[in-house]
Amino acid sequence: MNAPWCWRVVAGVAIVDLLGLALELGAAASVPAHPDAPAWLLAIAGAPAWLLAAIGVVAALRWLARPRATAAIAALWLVLALLVEAAAAHGPGPWRARFFIGAVLLGVMAARGWSHRAGVRDDGLARTGAMACLGGCYVAAATSKLGGAGPGWIDGDTLRAVALSHAHVDGAALTDWLARAPAAARALAGATVIVQLGGGLGLLVAGRTRVIAAASLVAFHLGVAAFTRIGYWQPVALLLALAGPWSRADAAPQPQHAARADRAVLLAIAVAIAIAWLSPLRRYAAAHHRTRLLDAGESVAREPRASLGPLVRGEAIADGWAVDALACESDRAMIVLRHAAHGRAVLWLTAPGSGPRSPFDRAHLQLGYEATAAAASLRFAAAAVVVADRLEAAATTGTAMPPCG
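Residues numbered from 1 in each chain as written. Predicted model: local features only at pLDDT ≥ 70, side-chain atom pairs only at ≥ 80, totals over all residues. Heavy atoms only, no water.

1. Some thoughts on the overall build of the protein chain
Definition in use: Put simply, DSSP marks the helices as runs of H or I at least four residues long and the strands as runs of E at least two long, and each gets a number from the N terminus on. Here the term buried applies to any residue with accessible area under 20% of the maximum for its type, exposed to any over 50%, and partly exposed to those in between, with areas from a 1.4 Å probe on protein chains only. To be clear on the numbers: accessible area is Shrake-Rupley with a 1.4 Å probe, and residue cover counts the displayed protein chains and nothing else.
Broken down by element type, the protein chain carries 14 helices and eight strands. Expressed as a percentage of its 405 residues, the buried residues of the protein chain come to 43%. As displayed, the protein chain offers around 19300 Å² of accessible surface, 66% of which is attributable to carbon and sulfur atoms.

Right under this line is the structure:
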């Protein structure tokens, strides 16, 4: 194959995502499908998904054999987009780790388009375009946090809630430590925004700055995996391949018609923004950010609370267990119990009939839990019974759970 090794890594990530999406679309969905998904999109499952994945693999190999084959890159990008959207429509929503490869391929195509309009023949621009879109993913992540929750996202509870919601009761020691260290959680939350924003912008700068930006983003992903068990390995591979210290520096091209190329790219960006903002695609995408079990409503962030019905953060419950954290979402509440010797337990309060049954359920509520052991052997079982009984006593007729509003 004639492609530089960095593009081989990119193509490898794309192929891994293609096969993973085909496998995912072959499994039974655990939640209802997206209510607005068109029939043709929902039909991409099973054999059709594998057929599309095969087409994508062929396109990736074609690109590696002929690195300047932009049509092959476009075909690969389109297949990935269809499979990602089909998986999101069938499941609880898109897995964000798969956005990165699409962004990189889009950056390559945009750079190729600019090069053609500018009269430049420089393959290094494709790598620059890839890193620009890759960096945009991180800038968008940082600005969405600040735009959605504001500076309040950087507090002692947000990151702890995220870590606890992804960990089992017998989870890793790092998560246990984070749950008991609000100051450290606040510092890490602030560092998350700084690294995402600074690292994303730093990928646009050549030389040592780009290497430092890539290293900081890789360290960010490793930290997320350690504390929350969320592994985004696709962007790690892309960062190392495209912006690592071993990557060669790109030579500055000498465009003949740079202004003409700039106008074309700006027009394309404006059209894409208009389609995303003004068309029904915006409402369709917004529904990905809320549970399929709701028929209507907007997506909301998890909101830490000092109390939830009869429960108060910090109060003792039973057998040495105390309420460590409380948080509200649109359709459920999170109750975190902590024990000095046994760590913490995460309980999920939902309305009756909204999920799998639990031995702690009551007439007006369901109280699920996250653990790998049977309920009878759980050390927090007695405390969970007390919590369930208190919540049930506080619930009025027709009230599913203590109000989060």
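Here the narrative resumes.
2. Some details on helix α5 (residues 99-118)
Worth spelling out the cut-off: In this analysis, the expected span of each helix is defined as 1.5 Å times one less than the number of residues it contains.
The end-to-end C-alpha distance of α5, which contains 20 residues, comes to 28 Å, matching closely the 28 Å that a straight helix rising 1.5 Å per residue would cover. Counting buried positions along α5 yields 14 of 20 residues, so the element is predominantly enclosed. The first or second residue beyond α5 is Gly119, which carries a positive phi of 75°.

3. Regarding a nonpolar patch on the surface
Formally: Think of a patch as exposed residues, more than 30% relative accessible area, with no salt bridge, where like charges cluster within 9 Å and nonpolar side chains (Val, Leu, Ile, Met, Phe, Trp, Tyr) cluster within 5 Å. One speaks of a salt bridge when a side-chain nitrogen belonging to Lys or Arg is within 4 Å of a carboxyl oxygen belonging to Asp or Glu.
A contiguous nonpolar patch, built from Leu266, Ile269, Ile273, Trp277 and Leu278 and spanning about 590 Å² of accessible area, is present on the exposed surface. Tracing the backbone through its elements, the reader meets Leu278 in helix α12 (residues 258-278).

4. Describing the nonpolar core
Definition in use: As used in this record, nonpolar core signifies buried Ala, Val, Leu, Ile, Met, Phe, Trp, Tyr and Cys residues forming a set joined through side-chain atoms within 4.5 Å. Here a residue-residue contact requires only that any non-hydrogen atoms of the pair lie within 4.5 Å.
Counting residues in each nonpolar core, the largest one holds 58 residues, and the members touching the most others are Trp7, Val10, Trp63, Leu76, Leu83, Leu134 and Leu242. Elements supplying a minimum of two residues to this core: α1 (5-26), α3 (47-65), α4 (70-90), α5, α6 (124-148), α10 (208-228) and α11 (233-243). Top contributing element to this core by residue count: α1, with 11 residues. Among residues more than four places away in sequence, those in contact with Leu76 are Ala14, Leu18, Gly56, Ala59, Ala60, Trp63 and Leu105. Ile335, Phe360, Phe380 and Leu391 belong to the second-largest nonpolar core, a separate cluster that totals 25 residues.

5. Brief notes about α1
Between its terminal C-alpha atoms α1 stretches 32 Å, which fits the 32 Å expected from 22 residues at 1.5 Å a residue. Residues of α1 that are buried include every one of Cys6, Trp7, Val10, Ala11, Val13, Ala14, Ile15, Asp17, Leu18, Leu21, Ala22 and Leu25, and no others.

6. Quick word on unusual backbone geometry
The residue Asp319 is not glycine, and still its phi comes out positive at about 55°. Owing to a relative accessible area of 57%, Asp319 belongs among the exposed residues under this scheme.

7. Points about the confidence of the model for the protein chain
Low pLDDT marks stretches whose predicted atomic positions should not be read closely. Short version of the rule: Think of pLDDT as the predictor's per-residue confidence, scored from 0 to 100.
Across the protein chain, the average pLDDT comes to 82, with 80% of residues at or above 70. Within the protein chain, no element has a lower average pLDDT than helix α7 (residues 158-165), which sits at 66, and none a higher one than α3, at 95. For the stretch residues 293-300, pLDDT sits under 50, and the model shows 12 contacts to residues farther than four places along the chain or on other chains. Scored below 50 in pLDDT, residues 372-376 makes six contacts in the model with residues more than four places away or belonging to other chains.

8. Side note on the environment of Gly198
Here Gly198 shows up in helix α9 (residues 182-202). Taking the C-alpha atoms as reference points, Gly198 and Tyr138, separated by 60 residues in sequence, lie 8.7 Å from one another.

9. Observations concerning the environment of Leu82
Within the fold, Leu82 resides in helix α4. On the basis of relative accessibility, which here comes to 23%, the residue Leu82 falls in the partly exposed class. Through-space distance from the C-alpha of Leu82 to that of Leu52 is 8.6 Å; in sequence the pair is 30 residues apart. Contacts of Leu82, omitting those with residues within four sequence positions, involve Trp40, Leu41 and Ile44.

10. Section: the packing of aromatic side chains
Aromatic ring pairs are defined here through the distance separating the ring centres and the angle between the ring planes. Heads up, the rule is: Side-chain rings of Phe, Tyr and Trp, where Trp is taken by its six-membered ring, are said to pair if the distance between their centres is within 6.5 Å; with planes under 30 degrees apart they count as stacked, over 60 as edge-to-face, and otherwise as tilted.
Applying the stated criterion across every chain, the model contains seven aromatic pairs. For the pair Phe100 and Tyr138, a centre-to-centre distance of 5.4 Å together with 45° between the ring planes defines the contact as tilted. Highlighted residues: Phe100 in helix α5 and Tyr138 in helix α6, separated in sequence by 38 residues. For Phe100, a relative accessible area of 7% corresponds to the buried category. Classification of Tyr138 by relative accessible area gives buried; the value is 1%. Note on Tyr369 and Phe380: the rings are 6.0 Å apart at their centroids and 65° apart in plane angle, and the pair reads as edge-to-face. Here Tyr369, found in strand β8 (residues 366-369), pairs with Phe380, found in the loop between β8 and α14 (381-394); they are 11 residues apart in sequence, far enough to count as distant. Classification of Tyr369 as partly exposed rests on a relative accessible area of 25%.

11. With respect to the pattern of salt bridges
Within this structure, the stated rule accounts for seven salt bridges. A salt bridge links Glu315 to Arg390; the shortest N-O distance between them is 3.2 Å. With Glu315 in the loop between β3 (311-312) and β4 (316-318) and Arg390 in helix α14, the pair connects residues that are 75 residues apart, well separated along the chain. We classify Arg390 as partly exposed; its relative accessible area is 27%. Between Asp324 and Arg338 there is a salt bridge whose closest N-O contact spans 3.1 Å. You can see Asp324 sitting in strand β5 (residues 321-328) and its partner Arg338 sitting in strand β6 (residues 333-339), a full 14 residues away along the chain.

12. Considering the packing of α10 against α11
The cut-off we apply is this: Throughout, an axis means a line fitted to C-alpha atoms (over the contacting stretch in the case of helices), and angles, computed between N-to-C directions, take values from 0 to 180 degrees. Oblique is the label for any angle not under 35 degrees, not over 145, and not in the 65 to 115 range, which are roughly parallel, roughly antiparallel and roughly perpendicular in turn. Note: crossing handedness is left-handed where the near helix turns anticlockwise from the far helix by less than a right angle, and right-handed where it turns clockwise. Each residue receives one of three labels: charged for Asp, Glu, Lys and Arg, nonpolar for Ala, Val, Leu, Ile, Met, Phe, Trp, Tyr, Cys and Pro, and polar for the others, Gly being one of them.
Interaxial distance between α10 and α11 falls to 10 Å at its minimum, and their mutual angle equals 160°. Taken together, the axes of α10 and α11 are roughly antiparallel relative to one another. Crossing handedness for the pair α10 and α11: left-handed. Here Arg210, Val211, Ala214, Leu217, Val218, His221, Leu222 and Ala225 of α10 lie close against α11, whose contacting residues are Trp233, Pro235, Val236, Leu239, Leu240 and Ala243. Partitioning the contact of α10 with α11 into residue classes produces 12 nonpolar, one polar and one charged.

13. Comments concerning the pairing of β6
The criterion, for reference: A strand pair is defined by DSSP finding two or more bridges across the two strands.
The buried fraction of β6 amounts to six of the seven residues, a majority that puts the element mostly inside the structure. Linkage of β5 to β6, two consecutive antiparallel strands, is achieved through a turn of four residues. In this antiparallel pair of consecutive strands, β6 and strand β7 (residues 343-350), the connection spans three residues.

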